[in-house]
Amino acid sequence: MPTIDDIYAAANVLGPIITQTPLLPAEQLSQELGGQIIYKAENTQRAGSFKVRGAYTKINSLSAEEKAHGVITHSAGNHAQGVALAAQLNGIKATVVMPEFAPLAKITSAQRMGAEVILHGASFDDAGAYARELQAKTGATYVHAFDDPFTIAGQGTLGLELADMLPDQGGTVVVPIGGGGMMAGIALALRSLRPNVRLIGVQAAGCPSMIASQQAGKPVAVPHAATICDGIAVKRPGELTLPIINQLVDDIVTVDDDAAARALVHVLQYSRMVVEGAGAVGVAALLEGAIRLRPNEPTLVVLSGGNIDGNFLARIIEQVLVKQGRYLRVRTSVPDRPGNLAPVVNAIAQAGANVIDINHRRAVWQLPLDRVGIEMILEVRDEAHGQSIIDMLETHGYHIERFGQRVWPV
């Protein structure tokens, strides 16, 4: 088990390498929930996540001979970029095995930093098994994403930075958990510096391997890793990290993908920062009420990473806006004669909505031959505004279906 001295040693190594990321007040979230919530913005770290802390600490510890053989690792994406950057800074070769579903942004980022990227398997753990095979053939040093004392000590430097914002009497720190390296490192640091702190981990409901392992009393693998939070989609936690977390962490909660998506959009909208699904799970746990706030104490939430594919981010934003009632998908029909679409569109514009997309439908809806179907996606202020537009159109004689809520009258 690494010690606080090991974490301070890692901090000395990392001093000229990493960014001491900001602690930012989450003003909107604090107002909504009635607490003092602060974000630790590791999404602004070099390589886009906290992972460079552990990767560089490990690689820096290698002998000259070990460095000459290069390093190899497996990763869902963020650790890949951390290893790629750390290897580049040390002037050595890095090979990274990533799952076949790994986000394109994370693949290309690791490649830009000089790593050889190999795609293999459907999960983080599948990639790991193949990486071990390659490591045995090449003699490269394995840089584990979380289950290594140097990696844990490097991630623990986050705890040193968090301690500065915590009073002696306590406070709460909320940390995403995949394999447990970051949570273990932070816990070791804070239990030494702020022993009264409340430490809460957050896992994706689609891959709750740490919780399953706690229940089993040993590291066990969950059968599936089905979550948009790829950065914490680890099917089996570490042999080193599990006992540290069992001993030092107060609680672990889970959030589903819908909650993570809403939290991601919340951070983007109100704090103007991009985070990935794994980086948003702490915020999701607060929004969902899975963590009880202590109003008189600060709650620090680690935004662990911001590496997300732009197309995927756009899809998440759109889906969340739909569920929030900001996007409205409706359809109706009008007589199939020139000029009959304009009154519908004009009425919508006068009601303050924006037409995002519009399509004509004929035979596929089995309408009478003298009518044409109109399918529209509207941008509205909120759900009440959307309902008022539906009501307005119906008073004008249009039969309206709001998808998923009303029956289409032909």
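**Q** Please clarify how the pairing of strand β5 (residues 116-119) should be interpreted in this entry.
**A** Successive residues of a regular strand alternate their side chains across the two faces of the sheet. Bridge count between strand β4 (residues 94-98) and β5: 4 bridges; the pairing is parallel. Its bridge partner lying in β5, Val 96 is registered against Val 117. As a crossover connection, the stretch from β4 through helix α6 (residues 104-112) into β5 is right-handed.

**Q** So what exactly am I meant to see when it comes to the sheet that holds strand β7 (residues 172-176) here?
**A** In any sheet, the strands associate via hydrogen bonds between backbone groups, in a parallel or an antiparallel arrangement. Reading across from one edge, β1-β2-β10-β7-β8-β9 is the order of the 6 strands in this open sheet, with mixed pairing throughout. Both edges of this open sheet fall to β1 (23-25) and β9 (251-255), since each of them pairs with a single strand only. Each neighbouring strand pair of the sheet contributes to a mean axis angle of 25°, computed without reference to strand direction. Packed on one face of the sheet, helix α10 (residues 209-216) meets β8 (198-204) and β9 and runs near 135° to β9. In the packing of helix α12 (residues 257-271) onto the sheet, contacts are made with β2 (36-41), β9 and β10 (298-303), and the angle to β2 comes to roughly 90°.

**Q** Would you take a moment to explain the nonpolar core for this structure?
**A** Within the largest apolar cluster, 37 residues are counted, with the highest numbers of intra-cluster contacts made by Ile 37, Tyr 39, Val 202, Leu 264, Val 283 and Ile 291. Contacts of Ile 291, omitting those with residues within four sequence positions, involve Val 174, Arg 198, Ile 200, Val 202, Val 253, Ala 285 and Leu 286. Membership of the second largest hydrophobic core comes to 34 residues, among which are Ala 153, Leu 158, Ile 186 and Ile 211.

**Q** I'm lost on the packing of aromatic side chains in this one. Help?
**A** Aromatic ring pairs are described here by two measures, namely the spacing of the ring centres and the angle between the planes. Evaluation of the coordinates by the stated rule reveals 0 aromatic pairs. One cation-aromatic arrangement involves Arg 132 over Tyr 142; the distance from NZ or CZ to the ring centre is 3.6 Å.

**Q** Looking at this structure, I do not really get unusual backbone geometry. What am I missing?
**A** Glycine aside, residues mostly have negative phi, and peptide bonds are mostly found in the trans state. The backbone of Ala 47 sits at a positive phi, close to 65°, despite the residue not being glycine. Considering the arrangement of structural elements, one finds Ala 47 in the loop between β2 and α3 (51-60). Assessed through its relative accessible area of 19%, Ala 47 is described here as buried. Its identity as a non-glycine residue notwithstanding, Arg 272 has a phi of 55°, on the positive side. You can see Arg 272 is positioned in the loop between α12 and α13 (277-287).

The rules we used
Residues numbered from 1 in each chain as written. Predicted model: local features only at pLDDT ≥ 70, side-chain atom pairs only at ≥ 80, totals over all residues. Heavy atoms only, no water. Pairing = 2+ DSSP bridges. Helix = DSSP H or I, 4+ residues; strand = E, 2+ residues; numbered from the N terminus. Right-handed = clockwise from strand over helix to strand, strands pointing away. Axes fitted to C-alpha atoms, helices over the stretch in contact; angles between N-to-C directions. Contact = heavy atoms within 4.5 Å. Core = buried A, V, L, I, M, F, W, Y, C linked by side-chain atoms within 4.5 Å. Buried < 20%, exposed > 50% of the residue type's maximum accessible area, 1.4 Å probe, protein only. Phe/Tyr/Trp six-rings, centres within 6.5 Å; stacked < 30°, edge-to-face > 60°. Lys NZ or Arg CZ within 6 Å of the ring centre and 35° of its normal.

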